[in-house]
Amino acid sequence: MLAISGGVDSSVAAALLKEEGYEVVGITFKNFDYNDYSKDPSPKNCCSIETLNKARIVCDKLGIPHYVINRVDQFEKEVIANFKQSYESGITPNPCVRCNSLVRWPELIHLADDLGIEFVATGHYAQIANVDGRLLIQRAEFGDKDQTYALWGIKRQYLAKTLFPVGKYAKQHIMEIAVKYNFANTSYIESQDLCFIPDGNYTDVLGISSPGEIVDVDGNVLGEHKGLLHYTVGQRRGLGISSPEPLYVLEIDLGANRLIVGTEKQIFKSRFLAKESNWFIDISNSEKIRCRAKIRYRHEPAACSVIFAGSDKMEVVFDEPQRAITPGQSAVFYDNQILLGGGVIEAVF
Amino acid sequence: MKRIYLDHNATTPVHPEVFEAMKPYFMETFGNASSVHEFGRKARVALEQAREFIAVILKCSPEEIIFTSGGTESDNMAIKGSAFANTSRGKHIVTSAIEHHAVLESCHSLKRDGFETTILKPDSKGIISPDDLLKAIRPDTVLVTIMHANNEIGTIQDIPKLAEVAHQTGVLFHTDAVQTTGKIPYTIDQLGVDMLSVSGHKLYGPKGIGLLYIKKKTNIRALSHGGSHEFKRRAGTENVPGAVGLAKAIEIAWRDMESESARLKRMVTKFVDGVKSRINDITLIGDQINRVPNTVNIAFQAVEGESIVLSLDMKGIAVSSGSACSSGAVDPSHVVLALGIPAELAQGSIRFSFGRHSQEADIDYILDTLETEIARLRSISPLYQSR
C-alpha cells in the first residue's frame, strides 16, 4: 500500500514497486478540507485537489487501484492543533514529523492490515537497512535529498512493514523514470510550504498576533516586531533594524511579547534538552551515547553526546556550539548513515 | 476478475435505447433550439417534444418543466430561487437532516443572506413526521424542502401528507425526487408538490441533464441570466440531446417499472435474507417497508465501512459508504448518524444499490465475498474480538 500524493516522487515509487513485482494499491489521505486553508483552488502543494486527481491518473496509468481516505479529524487533532498551540507558545514545530509519526504511518499500517496488505510504502528519500538482524532507517543513498529527518517518530515495529522505493536513487534518476512513464507531473515544483498552508500565509491558520518590542540580550529596545508568530529562532531577515553587525532572533519571549535578538556569536549554543523521544536502537541499558545530531531539516549532523534522563527525555551536548538550536524543532540522531532516534527540542542552554 | 456494480444510486449506465435516441442530436440535428432557421427549428421540435413527453408521464404542463444540468442545479434553483423571490413573506426554510448535500448546502448558503433554516430530525427509520413539520413552520417560513426518497438508505417519505401540511399554512413545498424517479411510480398531482427535482443519470439517462418541475404561478427568481431560454427561468443554450435522452430514460423507466421493480425486490430480498442468515451482528438501516426497491443499507458491527468498501472493490464489487465527494474520499454519513445510530455502528454501514444489470445469479457470489471479507475484517478487529 503506497501513500501517493500525485507528486513525482510517490508517482515514481508506484512505478518502481510495480517493476519490482509488487501488487500495489495507492492511497491518498485527505487531511483537511481544501477550502478551509487555501484561497487558491490549484496550489502547487502536495495535497491539493489537483494533485490528488494526478495521483488518481498515475494509478490508473499503472493499472492499480487508488483510494482517497478521509483523515481530516486525525490530522486536525494531531498536527494542526499542535501547530497552532506550538506557535502560541513561542516554539517552532515540525508538522511533517508529527504527521508521519501520528497520522501517516499508523493509518497506513492500520488500513493495510484491514485489507490484508503486507507492506506500506511512501515516496520519501530514505532507506531501510538491516544491521545485524535489526531493521533500521538509513539515510537516502544520495545525501542531498535525504528525508530521514522527518521520519524519526515512526514506531519501531512498523519498519518491518515499510518500504522506501525511491531512497536508493538520485533525484535525476527519478525524474528520468517519471519521463519514461510519461507522468505529466514531472514539471511539478516541490514546494517548501506546508500542505495545509499552501499560500505560505501562516496568519490564515494562526490568526494575528500583536506587535511588541525587539530587544537585545541586555534588554535595550532596538525596534518593534510585528507579532511573535512571524518569527523563528535563528531568523535574520525581516527584523527591520539597522545595526553594525547582522542580528538574529535568539529567543521568543512570549510572556513579555518580546523578541530577543543578538549577534551571530550569541546564536551559537552547545546544550539542549529534548523530550518525546523515539529510538530505533535499544537504549534501555545506556546512560549515554556518542552520535551526531541534526537539529533542523537543513543542518549538517554534528558530533554530540546524548545523556538519557528518564523515560523519554535526554540532554544533548554538542562538541562544538551549533547555530540556532530552536525549541519545538526535532533533534534527530545518526550513527553515520543510520537513523538512531530523535526527540523534540525543549530547552536550550 | 468479475466486476459487479452495486452503486446504482450514485449513477447508472446509459440505457442503449437512450443512447440511440440521443445520437441524431449531436451531428445531424445539431441546431440551436433558439435559432430561426430550419436547423434551429428541428432542434426546438425535439426539445419541446421531450418536454411534452415528460409532462404527460409526470402529469403536469410542459411549461412547468425546466431542463437543468442535473439534480444539484434543480435543488439550487428551487431553494435559492424561491427563497429570493419570496422575501416579502419571510426568510425561513424548513428541511430535514437527511437531505442530499445539494439541498443542505443550498439552505446553508442562504445564511449569509439572512435566512434561517430549521432542520427536522427523522425517526430511527428515517421518516420525517408531518407533526414535526407543522410545529417547525413559522409565519415567516417561505419554503419546505424534504426529499422523496433518501439516496443512502432508500427510505420514502410521505410527501403528499408533508406537502399538505405546508400548504395548509400557505408555504411552498419542494421535493428532491432524484432517487425515486424511475424507481417508483408517481405523478405530480399525487404528490401535490410545488417543485420537484429530477436527475437524468440516476435513471439510465445521460449525465448533465435534469429537470425542475415548477408549478404554474410559483414565485421563483432565475439564478442564471442571459437569453430567455426555459421560460426565462434558466438562461443558456438548451441541451437538446440531454433532454431527448432524459425523456427516453423516463419513458423506459415507466414502461418497465412494474416488472423491473418486482425483479429488484425479489433480488434484494434474497440478498438481505442471505446476509441475515450468513453474517452475525448486522443492523438493517432505514425503513424496511417504505423503501425504494433497489436500495438496502446494512451496518456491520465492529468493522469500518471504509475497509469494507475498499476490500470489496479489490474483489470487484462496487458499493459505497457515506456520501462520495469530489475528492472520492469517504466522508462519514450524515444520514445514518441523523437516525440516531451510534457513531461506531454508523461507520460500518454500507449501501448496496442494485439496478437493471444486477443479476440474481450474482447474489451467491456477492454473499460469498461479503461473508469472507466481513469475517476477515472481524478476525483482526480488536473491537470485535473484545466482545
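Residues numbered from 1 in each chain as written. Chains lettered and ligands numbered in written order. Predicted model: local features only at pLDDT ≥ 70, side-chain atom pairs only at ≥ 80, totals over all residues.

Some words on the sheet that holds strand S2 (residues 65-68) of chain B
Residue and element names in this part refer to chain B. Judged by pairing direction, the sheet is mixed, and its seven strands sit side by side in the order S2-S8-S7-S6-S5-S3-S4 without closing on themselves. Of all the strands in the sheet, the pair left with one neighbour each is S2 and strand S4 (116-120). Here the average twist between neighbouring strands, direction ignored, is 20 degrees. Bridging between strand S3 (residues 92-96) and strand S5 (residues 141-145) involves four bridges; their strand directions are parallel. In the sheet register, Thr95 faces S5, and the bridge partner there is Thr145. The strands that helix H5 (residues 101-109) touches are S3, S4, S5 and strand S6 (172-176); relative to S3, the one it contacts most, it runs at about 155 degrees. (Pairing = 2+ DSSP bridges. Helix = DSSP H or I, 4+ residues; strand = E, 2+ residues; numbered from the N terminus. Axes fitted to C-alpha atoms, helices over the stretch in contact; angles between N-to-C directions. Contact = placed C-beta atoms within 7 Å.)

A word on helix H10 (residues 240-278) of chain B
Here H10(B) contains 39 residues, and its C-alpha end-to-end distance of 49 Å is more than 12% below the 57 Å for a straight helix at 1.5 Å per residue. The largest bend in H10(B) comes to about 70 degrees, at Met257(B). (Expected span 1.5 Å × (residues − 1). Bend = angle between axes of the 7 residues up to and from the residue.)

Examining the environment of Gly154(B)
Residue and element names in this part refer to chain B. Relative to the helices and strands, Gly154 resides in the loop between S5 and helix H7 (159-168). In this structure Gly154 comes out as buried when scored by C-beta crowding, with 28 C-beta atoms within 10 Å. Each C-alpha atom, one on Gly154 and one on Ala302, is 23 Å from the other, the two residues being 148 residues apart in sequence. Leave out the neighbours within four places in its chain, and Gly154 touches Ala149, Gly286, Arg291, Val292, Thr295, Val296 and Asn297. (Buried ≥ 20, exposed ≤ 12 C-beta atoms within 10 Å, placed from the backbone.)

Quick notes on the environment of Gln359(B)
Residue placement: Gln359(B) occurs in the loop between strand S14 (349-353) and helix H14 (363-379). C-alpha separation for the pair Gln359(B) and Leu264(B), spaced 95 residues apart in sequence, amounts to 9.2 Å.

Focus: unusual backbone geometry
Although it is not a glycine, Asn336(A) sits at a positive phi angle of roughly 55 degrees. Of note, Asn336(A) is situated in the loop between strand S16 (330-335) and strand S17 (338-348). Backbone geometry places Glu230(B), a non-glycine residue, at a positive phi of 50 degrees. By the element assignment, Glu230(B) lies in helix H9 (residues 229-232).

Some points on the pairing of strand S6 (residues 134-139) of chain A
Residues and elements named next belong to chain A. Both strand S5 (residues 126-131) and S6 contribute to a ladder of six bridges, which runs antiparallel. When the sheet's bridge partners are listed, Ala126 is paired in S6 with Arg139. Of the strand pairs in this sheet, S6 and S17 are connected by two bridges, and their pairing is antiparallel. When the bridges of S17 are listed, Gln138 appears paired with Ile338.

A few points about the pairing of S4(B)
Residue and element names in this part refer to chain B. Across five bridges, S3 lies against S4 in parallel orientation. Among the inter-strand pairings, His92 is bridged to a residue of S4, identified as Glu116. Taken together, S3, H5 and S4 constitute a β-α-β crossover, and its handedness is right-handed. (Right-handed = clockwise from strand over helix to strand, strands pointing away.)

A short note on the sheet that holds strand S10 (residues 295-300) of chain B
Residue and element names in this part refer to chain B. Across the sheet, three strands lie side by side as S9-S10-S14; this open sheet has antiparallel pairing. The two strands at the open ends of the sheet, each matched to only one other strand, are strand S9 (282-285) and S14. Sheet twist, expressed as the average angle between the axes of neighbouring strands with direction ignored, equals 30 degrees. On the sheet, H10 packs against S9, S10 and S14 and is oriented at approximately 10 degrees with respect to S10.

Description of the domain arrangement of chain B
Residues and elements named next belong to chain B. For chain B, the assigned domains are domain 1 (4-11 + 257-385) and domain 2 (16-252). Using only C-alpha atoms to locate each centre, domain 1 and domain 2 end up separated by 28 Å. Looking at the side of domain 1 that touches domain 2, the elements with two or more residues in it are S10 and helix H12 (334-338). Of the residues assigned to the side of domain 1 that touches domain 2, the class counts are nine nonpolar, 10 polar and four charged. (Domains from an automatic or database assignment. Nonpolar A, V, L, I, M, F, W, Y, C, P; charged D, E, K, R; others polar.)

Some details on the environment of Phe67(B)
Residue and element names in this part refer to chain B. Examined against the element boundaries, Phe67 turns out to sit in strand S2. Accessibility expressed as a C-beta count within 10 Å gives 28 for Phe67, which makes it buried. Note: C-alpha distance between Phe67 and Ile366 (299 residues apart in sequence) is 38 Å. For Phe67, the contacting residues outside a window of four places in its chain are Ile209, Leu211, Glu230, Glu238, Asn239 and Ala243.

Considering the packing of helix H11 (residues 305-314) of chain B against H14(B)
Residues and elements named next belong to chain B. Running from N to C, H11 and H14 point in directions that differ by 130 degrees, and their axes come no closer than 10 Å. Judged by the angle between their axes, H11 and H14 are oblique. Two packed elements cross with a definite hand, and for H11 against H14 that hand is right-handed. On H14, the residues touching Ser307, Ile308, Ser311 and Leu312 of H11 are Thr369, Glu373 and Leu377. Along the lines of polarity and charge, the residues of the contact of H11 with H14 split into three nonpolar, three polar and one charged. (Parallel < 35°, antiparallel > 145°, perpendicular 65-115°, else oblique. Left-handed = near helix turned anticlockwise from the far one by under 90°.)

Examining helix H1 (residues 8-19) of chain A
All names here are of chain A. The terminal C-alpha atoms of H1, which comprises 12 residues, lie 16 Å apart, in line with the 16 Å expected from a rise of 1.5 Å per residue. Summarising burial for H1: 10 of the 12 residues are buried, a large majority. Listed as buried for H1 are Val8, Asp9, Ser10, Ser11, Val12, Ala13, Ala14, Ala15, Leu16 and Leu17. With its phi angle positive at about 95 degrees, Gly21 sits one or two positions after the end of H1.

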